[in-house]
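Chains, contacts and geometry: an overview
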Amino acid sequence: MELDPDDVFKDDEDDLDSEFYQQRESSKEFVVYLVDASPKMFSSTCPSEDGKEETHFHIAISCIAQSLKTQIINRSYDEVAICFFNTREKKNLQDLNGAFVFNVAEREYLDRPTARLIKDFDCIEESFTKDIGSQYGIVSGSRENSLYNALWIAQALLRKGSAKTADKRILLFTNKDDPFGSIKGVAKADMTRTTLQRAKDAQDLGISIELLPLCQPDEEFNVSLFYSDLIGLEGDELAQFMPSAGQKLQDMKDQLRKRMFTKRIVRRITLSIANGLSIELNTYALIRPTLPGAITWLDSVTNRPLKTERSFICADTGALMQEPAKRYQPYKNDNIMLSVEELSEIKRVSTGHLHLLGFKPLSCLKDYHNLRPSTFVFPSDKEVIGSTCIFIALLRSMVNLKRFAVAFYGSSSRPQLVALVAQDEIISAGGQVEPPGMHMIYLPYSDDVRHVEEIHSDTNAGAPRATDEQIKKAAALIKRIDLKDFSVFQFANPGLQRHYAVLQALALDEDDMPEINDETLPDEEGMARSGVVKAVEEFKLSVYGENYDEESDMGNGKASDASKKRKAAAENAVKESANYNWPDLADNGQLKDLTVTELKYYLTAHNLPVTGKKEVLISRILTQLGK
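The shown structure was predicted, so the numbers you read here are calculated from the model rather than taken from an experiment.

1. Remarks on the environment of His56
Within the element layout of this structure, His56 appears in helix α4 (residues 56-74). Between the C-alpha atoms of His56 and Gln216, which are 160 residues apart in sequence, the distance is 8.8 Å.

Quick look at the structure:
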């Protein structure tokens, strides 16, 4: 195996599965947005969420603009290009008619999105008719084929980089299901053939083409007329295409400020099974901690990124060391010199590949063994032909026998055992829900597992046990406040959302800060529902009884210092609250003139929450008063 220079002097705490190494090893994504600019895109409309009519061209532009903004957050080192076809003006390296590549100064056609690109693209609708223009690039009696030209331009833009290290995609926006509908006979057949061949050439180079069709509510985009052959749809894929395409378009419009690892290969590893038999696997990150982007140091004058350089100085002569420093280890009054290769071999415990050790029943794998996010593995035939067949046979046997595989896996600094848990494919009416594959669970070391110790203050008395009635009331409470269809993706980190909102406002010179909705705050309205309040009261009554004093210490009957302070504060709030005529203040709109402390007197006296801003407190008081 070739030596990794970064591996040689890596500290023990460096983990190859950390976010830094995942991003370094994972592939980039190169995307070319192809947008149909024909007159039909400007004349066709569909209702938006606020009831207004929006043109299909506006929908495509807004989706791309939103995607560019979120792309800086998700994967800032991806590169994009934007190309309009069916245009009056032309701008591309091939000098082809009917295609216009949109770009800004100091940026290549295919490059990372910049603030200036996003700002100019947001305003493109205002100047599109004047600067670029719209026309049908495919008309009868003419040999021009703007769709063919656009695919050719996109393919040329995506020549950058290798297919092994970059995912290359073309996203095509159009509302015309038959681009050659106005042409008949031999000319149409010839244009269709050449365009499909151009698309096939691009796909043979590792470029995927995705269609995002736009249609009116009362019309249907007939993908079978032309585009099913262009993107390679057949059978069940053809029937499921329109729902999935609509969902893809909606996802582009509704993306939240979340930093997500998309479905890309994190690392390619080899699974050694037995007797020299090995298969190739691709690993994918499922859930990882969300962190802000790395800080880039800039020069205070030129505002350009700074480059850090390190030099070694000889302690004896003070001269700069031209040769790389050598390492040594003192041994018996002598310094043993070690080369980079020798150090690498000494520290390398494992090659980083998987070595199958055996199988165990699934009952042996406990929940507490999963201490960190797992990695999903899937076979690949790119380097080792036949990996998929062997993987499928192994997967089906593990599922049928209810076994998981134990394997040895590790980097030069963190060797460990892992469990490979097989997952069978799950299909519902809408398509595939879970793909077939294996989850690689990193098993803990012996000192990572801590057994629960039951300690009771009174060793002679038995541990308190809940009665059947208390368990029944607790179950009713949990059922009342259970979150339906809960997913971790429903809640965004409000701190990160605000962080990205500030960066966006600074980069795009926006006057107003985007409003951030904190979805992690308690649902006060939901908790105040009569059914929930009743379930809580019944649970408290079953556990503590009717004469329970919440301010007293549990079991002792003696109030602690904290409970005494809370009780005194509550009594003082009741006393102070009596000095105000709250109904009159509410009717005259004078609650806003009171201070937050005065508003909290009323809330504390009526056992209401006192959290939130002043407007929230006033709203809570008005609700209590029935105003």
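Now that the structure has been shown, we can carry on.
2. Re the packing of helix α13 (residues 468-480) against helix α16 (residues 530-544)
The interhelical angle for the contact between α13 and α16, taken along N-to-C directions, is 160°, at an axis separation of 9 Å. It follows that α13 is roughly antiparallel to α16 by the angle criterion. Seen along the crossing, α13 lies across α16 with a hand that is left-handed. Every residue of α16 that contacts α13 at Gln470, Lys473, Ala474, Leu477 and Arg480 is listed here: Gly531, Val532, Ala535, Val536, Glu538, Phe539, Ser542 and Val543. Tallied by class, residues from the contact of α13 with α16 come to seven nonpolar, three polar and three charged.

3. Examining the UniProt feature "domain: SAP" (unreviewed entry) in the protein chain
The sites that UniProt annotates as "domain: SAP" (unreviewed entry) are residues 591-625. Strand forms 0% of residues 591-625 and helix 63%; the C-alpha atoms that close the span are 12 Å apart.

4. Points about the sheet that holds strand β9 (residues 277-285)
Here seven strands make up a closed barrel; going around it, the order is β8-β9-β13-β18-β15-β14-β12 and the pairing mixed. Direction aside, the axes of adjacent strands within the sheet are offset by 40° on average. Note: strand β14 (residues 403-410) against strand β15 (residues 415-423), six bridges, orientation antiparallel. Residue Ala407 lies in a different strand from β15, and its bridge partner there is Val418.

5. Re the packing of helix α19 (residues 596-605) against helix α20 (residues 614-625)
Closest axis-to-axis distance for the α19/α20 pair is 10 Å, and the angle between their directions is 30°. Classified by chirality, the crossing of α20 by α19 is left-handed. For the pair α19 and α20, contact is made by Val596, Leu599, Lys600, Tyr602 and Leu603 and by Lys614, Leu617, Ile618, Arg620, Ile621, Gln624 and Leu625, respectively. Class assignment for the residues of the contact of α19 with α20 results in eight nonpolar, one polar and three charged.

6. A closer look at the sheet that holds strand β5 (residues 99-102)
Taken in spatial order, the five strands of this open sheet run β5-β4-β1-β6-β7, and their pairing is mixed. With partners counted over all chains shown, the strands left at the sheet margins are β5 and β7 (207-213), one partner each. The average angle at which neighbouring strand axes cross in this sheet is 20°, direction not considered. Of the strand pairs in this sheet, strand β1 (residues 28-36) and strand β6 (residues 166-174) are connected by eight bridges, and their pairing is parallel.

7. Describing the pattern of salt bridges
Per the stated rule, a full pass over the model turns up 14 salt bridges. Among the salt bridges present, the one from Arg116 reaches Asp120, with a minimum N-O distance of 3.8 Å. Separated by four residues within a single helix, Arg116 and Asp120 lie in helix α5 (residues 115-122), roughly one turn from each other. Judged by its relative accessible area of 47%, Arg116 falls in the partly exposed class. Overall, Asp120 belongs to the partly exposed group, its relative accessible area being 33%. One network of salt bridges, with partners in common, ties together Glu29, Arg169 and Glu210.

8. Section: the pairing of strand β11 (residues 334-338)
The sheet contact formed by strand β10 (residues 327-331) and β11 spans five bridges and is antiparallel. Within β11, the residue paired with Tyr328 across the bridge is Met337. The hairpin turn running from β10 into β11, its antiparallel successor, is two residues long, and Lys332 in that turn takes a positive phi close to 50°.

9. Observations concerning the pairing of strand β4 (residues 79-85)
In summary, the side chains of a regular strand alternate between the two faces of the sheet. For β4, the tally of buried residues reaches seven of seven residues, placing the bulk of the element in the interior. Side-chain alternation along β4 places Glu79, Ala81, Cys83 and Phe85 on one buried face and Val80, Ile82 and Phe84 on a second face that is also buried. Bridging between β1 and β4 involves seven bridges; their strand directions are parallel. Paired with Val32 across the two strands is Ala81, which belongs to β4. When β4 meets β5, the two strands line up antiparallel, connected through four bridges. Bridging across to β5, Phe84 finds its partner in Phe100.

10. Concerning α20
Helix length check: α20, at 12 residues, gives a terminal C-alpha distance of 17 Å against a target of 16 Å (1.5 Å per residue), a fit within 8%. Within the sequence span of α20, burial applies to Leu617, Ile618, Arg620 and Ile621. Viewed end-on, α20 has its buried residues packed into an arc of 160°, placing them on one side of the element. Along α20, exposed side chains directed more than 90 degrees from the buried face belong to Glu615 and Thr623.

11. Thoughts on a nonpolar patch on the surface
Together, Leu286, Ile287, Leu483, Phe486, Val488, Phe489 and Phe491 make up a nonpolar patch on the protein surface, roughly 690 Å² of accessible area in all. Here Leu286 lies in the loop between β9 and β10.

12. Some details on unusual backbone geometry
Of note in this structure, Asn303 is not a glycine but carries a positive phi near 65°. Here Asn303 is to be found in the loop between β9 and β10. On the basis of relative accessibility, which here comes to 54%, the residue Asn303 falls in the exposed class. With a phi angle near 50°, Lys332 is a residue other than glycine that sits in the positive phi range. Inspection of the secondary structure puts Lys332 in the loop between β10 and β11.

Rules of the game
- Residues numbered from 1 in each chain as written.
- Predicted model: local features only at pLDDT ≥ 70, side-chain atom pairs only at ≥ 80, totals over all residues.
- Heavy atoms only, no water.
- Helix = DSSP H or I, 4+ residues; strand = E, 2+ residues; numbered from the N terminus.
- Axes fitted to C-alpha atoms, helices over the stretch in contact; angles between N-to-C directions.
- Parallel < 35°, antiparallel > 145°, perpendicular 65-115°, else oblique.
- Left-handed = near helix turned anticlockwise from the far one by under 90°.
- Contact = heavy atoms within 4.5 Å.
- Nonpolar A, V, L, I, M, F, W, Y, C, P; charged D, E, K, R; others polar.
- UniProt positions renumbered as here; feature names shortened; annotations may be inferred.
- Pairing = 2+ DSSP bridges.
- Salt bridge = Lys/Arg side-chain N within 4 Å of Asp/Glu carboxyl O.
- Buried < 20%, exposed > 50% of the residue type's maximum accessible area, 1.4 Å probe, protein only.
- Expected span 1.5 Å × (residues − 1).
- Arc of directions from axis to C-beta.
- Patch = residues over 30% accessible without salt bridge, like charges linked within 9 Å, V, L, I, M, F, W, Y side chains within 5 Å.
- Areas by Shrake-Rupley, 256 points an atom, 1.4 Å probe, with all protein chains shown as cover.

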